[in-house]
Amino acid sequence: MLGLLFLMVPLAGLLIRAPWRGLPERLFSAEVGQALRLSLVCASLATVLCLLLGIPLAWLLARGDLPGRGLIRALVTVPLVLPPVVGGVALLLVLGRRGVVGQYLYDWFGIALPFSTAGVVVAEAFVAMPFLVISVEGAFRGADPRYEEAAATLGASRWLTFRRVTLPSILPGVVAGTVLCWARALGEFGATITFAGNFPGRTTTMPLAVYLALETDPAAAIVLSLVLLLVSVVVLAALRERWIRGAL
């Protein structure tokens, strides 16, 4: 009970101190709408990027026969324990205008990722991808490979087997990982502010808006926090038991 109180009392305090009378006005203000739209767009784009890169990586970790797979898995999970600010610094050193890779992107193509909306997407994807990879890898490991072998014996190509046999069997894990990935991207703060900065309308996402509002307008910070709390509740509802069971 003490542990439950420790977790629930701060959330209850947020609800108690919420400015309910002025909530609609603040909720539909231009600042909140701008930050919310940017957060939803960036989190969704980051999730798509994680799906494109994470599903093949999860397959490699679950089914690939290569040396050092345990080390690769450990490296994939590093962003889970790495302080997000450190991740932002690492991204800045690699993808900045004078970074290891970023200097060539800027000199050859004129692409500058730091302090841009694209930088927000990259920072969120870097932090959120391990959630997707872990969920999908578990689903790959739980899927019975005999169905894929049977499809191959019937003449199905690798892509057809993956699309019609493998993907449906791991769908619960993909859905669970996608939802977790999207929610983590939506709530990212440290890597975003370090790598993308804080420019209203361009890089100021909801967590950054909460941080800024807390210094000048605590009531607005509470309203923004309530929005993120609502998103968290929706994520928990989406990850209902049958999806979680399928992912595990």
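What you see is a predicted model; the values in this text were computed from it and never measured. (Residues numbered from 1 in each chain as written. Predicted model: local features only at pLDDT ≥ 70, side-chain atom pairs only at ≥ 80, totals over all residues. Heavy atoms only, no water.)

Considerations on the nonpolar core
Part 1: Of all hydrophobic cores here, the largest spans 41 residues; its most connected members are Cys50, Val133, Val136, Phe140, Ile170, Met206 and Leu224.
Part 2: Where this core is concerned, the elements lending two or more residues are α3 (30-63), α8 (117-142), α10 (158-186), α12 (206-216) and α13 (218-238).
Part 3: For this core, the element with the highest residue contribution is α3, accounting for 11 residues.
Part 4: In terms of nonpolar packing, the next biggest core, distinct from the first, is built from 7 residues, Leu91, Leu113, Val127 and Ala191 among them. (Core = buried A, V, L, I, M, F, W, Y, C linked by side-chain atoms within 4.5 Å. Buried < 20%, exposed > 50% of the residue type's maximum accessible area, 1.4 Å probe, protein only. Helix = DSSP H or I, 4+ residues; strand = E, 2+ residues; numbered from the N terminus.)

Focus: the layout of surface pockets
Where empty space is left in the structure can be found by rolling a water-sized probe over the atoms.
Part 1: There is about 420 Å³ of room inside the largest pocket.
Part 2: Lining the largest pocket we find 14 residues, and of these Trp59, Glu148, Arg158, Phe162 and Thr166 sit closest to its centre.
Part 3: Those elements that place two or more of their residues in the lining of the largest pocket are α3, α9 (145-153) and α10.
Part 4: Tallying contributions element by element places α10 first for the lining of the largest pocket, with 5 residues.
Part 5: Its residues placed into classes, the lining of the largest pocket shows 7 nonpolar, 3 polar and 4 charged.
Part 6: Surrounding the second largest pocket, 17 residues form its lining, Glu31, Val32, Ala209, Ala213 and Leu224 being those nearest its centre.
Part 7: The set of elements that each furnish at least two residues to the lining of the second largest pocket consists of α3, α12 and α13.
Part 8: Classifying every residue of the lining of the second largest pocket gives 9 nonpolar, 5 polar and 3 charged. (1 Å grid on protein atoms, 1.4 Å probe; cavity = no way out; pocket = protein on both sides within 12 Å on 5 of 7 lines; lining within 4 Å. Points joined across faces, edges and corners; volume = space filled by probe spheres on them. Nonpolar A, V, L, I, M, F, W, Y, C, P; charged D, E, K, R; others polar.)

Observations regarding the UniProt feature "transmembrane region" (unreviewed entry) in the protein chain
Part 1: The positions UniProt marks with the feature "transmembrane region" (unreviewed entry) are residues 34-62, 74-96, 108-136, 165-185 and 219-239.
Part 2: Summarising residues 34-62: 100% helix, 0% strand, and an end-to-end C-alpha distance of 40 Å.
Part 3: A helix fraction of 76% and a strand fraction of 0% characterise residues 108-136, whose end C-alpha atoms lie 36 Å from each other. (UniProt positions renumbered as here; feature names shortened; annotations may be inferred.)

Side note on the pattern of salt bridges
Part 1: Evaluation of the coordinates by the stated rule reveals 4 salt bridges.
Part 2: Across the salt bridge formed by Arg141 and Glu137, the nearest N and O atoms sit 3.2 Å from each other. Residue Arg141 and its partner Glu137 are both found in helix α8; the two are separated by 4 residues, about one turn of the helix.
Part 3: Since its relative accessible area comes to 7%, Glu137 is described here as buried.
Part 4: Among the charged side chains, a salt-bridge network with shared partners connects Arg73, Glu137 and Arg141. (Salt bridge = Lys/Arg side-chain N within 4 Å of Asp/Glu carboxyl O.)

Let's talk about the packing of aromatic side chains
Part 1: What the rule picks out here adds up to 5 aromatic pairs.
Part 2: Considering the side-chain rings of Phe115 and Phe199, the 6.3 Å spacing of their centres and the 85° angle between planes classify their relative orientation as edge-to-face. In this pair, Phe115 is assigned in the loop between α7 (102-109) and α8 and Phe199 in the loop between α11 (190-195) and α12, connecting sequence segments 84 residues apart.
Part 3: Residue classification places Phe115 among the partly exposed positions, given a relative accessible area of 39%. (Phe/Tyr/Trp six-rings, centres within 6.5 Å; stacked < 30°, edge-to-face > 60°.)

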